[in-house]
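Examination of the molecular architecture
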Amino acid sequence: MPPSVIDYEAPEPPYRQIAADLIRDIQSGALAVDRRVPSESALMQTYGVARNTARHAVSYLRDEGWVYTLPQRGTFVRDRGTAE
């Protein structure tokens, strides 16, 4: 994944921009159901953001039902069925 750029002038906060990129990857199939999503460290490196921003992006995805987290294992893409 090439380094992505956060637009700090955009009305959408950085964590939402990261989440939107990951949602696009999920919808396109680049991140398949039950596949691990990038770690906070990987998101920090890819987007050049602080850990808190990466953590907030993952938390947002979890709250919106896109991913689930297994303690000590990681965060994975949730099967959203055919509701989309």
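Heads up: these notes are all about the structure in this document. (Residues numbered from 1 in each chain as written. Predicted model: local features only at pLDDT ≥ 70, side-chain atom pairs only at ≥ 80, totals over all residues. Heavy atoms only, no water.)

1. Some words on the overall build of the protein
Going by this rule: Secondary structure elements follow DSSP: runs of H or I of four or more residues count as helices, runs of E of two or more count as strands, with numbering from the N terminus. To get the radius of gyration, use the C-alpha atoms; to get the globule rule, take the number of residues to the power 0.38 and multiply by 2.2 Å. What makes two residues a contact is simply this: any of their non-hydrogen atoms within 4.5 Å. A 1.4 Å probe and the Shrake-Rupley method give the accessible areas. Residues count as covered only by the protein chains that appear here. Charged residues are defined narrowly, with Lys and Arg counted positive, Asp and Glu counted negative, and His plus the chain ends left uncounted. Charge positions are represented by NZ for Lys, CZ for Arg, CG for Asp and CD for Glu.
Assigned secondary structure in the protein consists of three helices and two strands. When the elements of the protein are put in sequence order from the N terminus, they spell out α-α-α-β-β. On C-alpha atoms alone, the protein measures out to a radius of gyration of 12 Å, which is about the 12 Å that the 2.2 N^0.38 rule sets for 84 residues. With the C-alpha coordinates aligned to their principal axes, the bounding extent of the protein is approximately 35 × 30 × 25 Å. For the protein, contacts bridging at least 24 residues in sequence account for 52% of all contacts bridging at least 6. Accessible area of the protein: about 5,400 Å², with a carbon and sulfur share of 48%. Of note, the protein has its 10 positive side-chain charges centred 8 Å away from the centre of its 11 negative side-chain charges.

2. Considering the pattern of salt bridges
Heads up, the rule is: Salt bridges are defined as contacts in which a side-chain nitrogen from Lys or Arg sits within 4 Å of a carboxyl oxygen from Asp or Glu.
Under the criterion given, the structure shown has three salt bridges. Close ionic contact of E40 with R51 constitutes a salt bridge, the shortest N to O distance being 3.3 Å. With E40 in helix 2 (residues 40–47) and R51 in helix 3 (residues 51–63), this pair connects stretches of sequence that are eleven residues apart. Connected through salt bridges with shared partners, the residues E40, R51 and R55 form a single ionic network.

3. Describing the nonpolar core
A general tendency of soluble globular proteins is for nonpolar side chains to be buried together. We count it as follows: Within this scheme, the nonpolar core is defined by two criteria: the residues are buried Ala, Val, Leu, Ile, Met, Phe, Trp, Tyr or Cys, and they are joined through side-chain atoms within 4.5 Å. With a 1.4 Å probe rolled over the protein chains alone, any residue whose accessible area is under 20% of its type maximum counts as buried; one over 50% counts as exposed, and the rest are partly exposed.
Formed by 20 residues in total, the largest nonpolar core has its most connected members in I18, L43 and L61. Only helix 1 (14–28), helix 2 and helix 3 provide two or more residues apiece to this core. Element by element, the count of residues in this core is highest for helix 1, at six residues.

4. Re the pairing of strand 1 (residues 67–70)
Applied cut-off: Note on pairing: two strands pair once DSSP finds at least 2 bridges between them.
With four bridges connecting them, strand 1 and strand 2 (residues 74–77) associate as antiparallel partners. The partner of V67 across the bridge, within strand 2, is V77. Where strand 1 folds back on strand 2, the antiparallel hairpin that results is connected by three residues, among which Q72 adopts a positive phi of roughly 70 degrees.

5. Points about the packing of helix 1 against helix 3
This is how the line gets drawn: Simply put, an axis is a line fit to the C-alpha atoms, just over the touching stretch for a helix, and the angle between two N-to-C directions goes from 0 to 180 degrees. Throughout, the term roughly parallel applies to angles under 35 degrees, roughly antiparallel to angles over 145, roughly perpendicular to angles from 65 to 115, and oblique to all others. By definition, any crossing whose near helix is turned counterclockwise from its far helix by less than a right angle is left-handed, and any crossing with a clockwise turn is right-handed. Basically, the charged four are Asp, Glu, Lys and Arg, the nonpolar ten are Ala, Val, Leu, Ile, Met, Phe, Trp, Tyr, Cys and Pro, and anything else, Gly included, counts as polar.
Two numbers describe how helix 1 lies on helix 3: the axes approach to 8 Å, and their chain directions differ by 55 degrees. One element, helix 1, and the other, helix 3, form an angle in the oblique class. Regarding helix 1 and helix 3, the two cross each other, and that crossing is right-handed. Where helix 1 approaches helix 3, its residues P14, Y15, R16, I18, A19, L22 and I23 are matched on the opposing element by T53, H56, A57, Y60 and L61. For the contact of helix 1 with helix 3, the per-class residue count stands at nine nonpolar, two polar and one charged.

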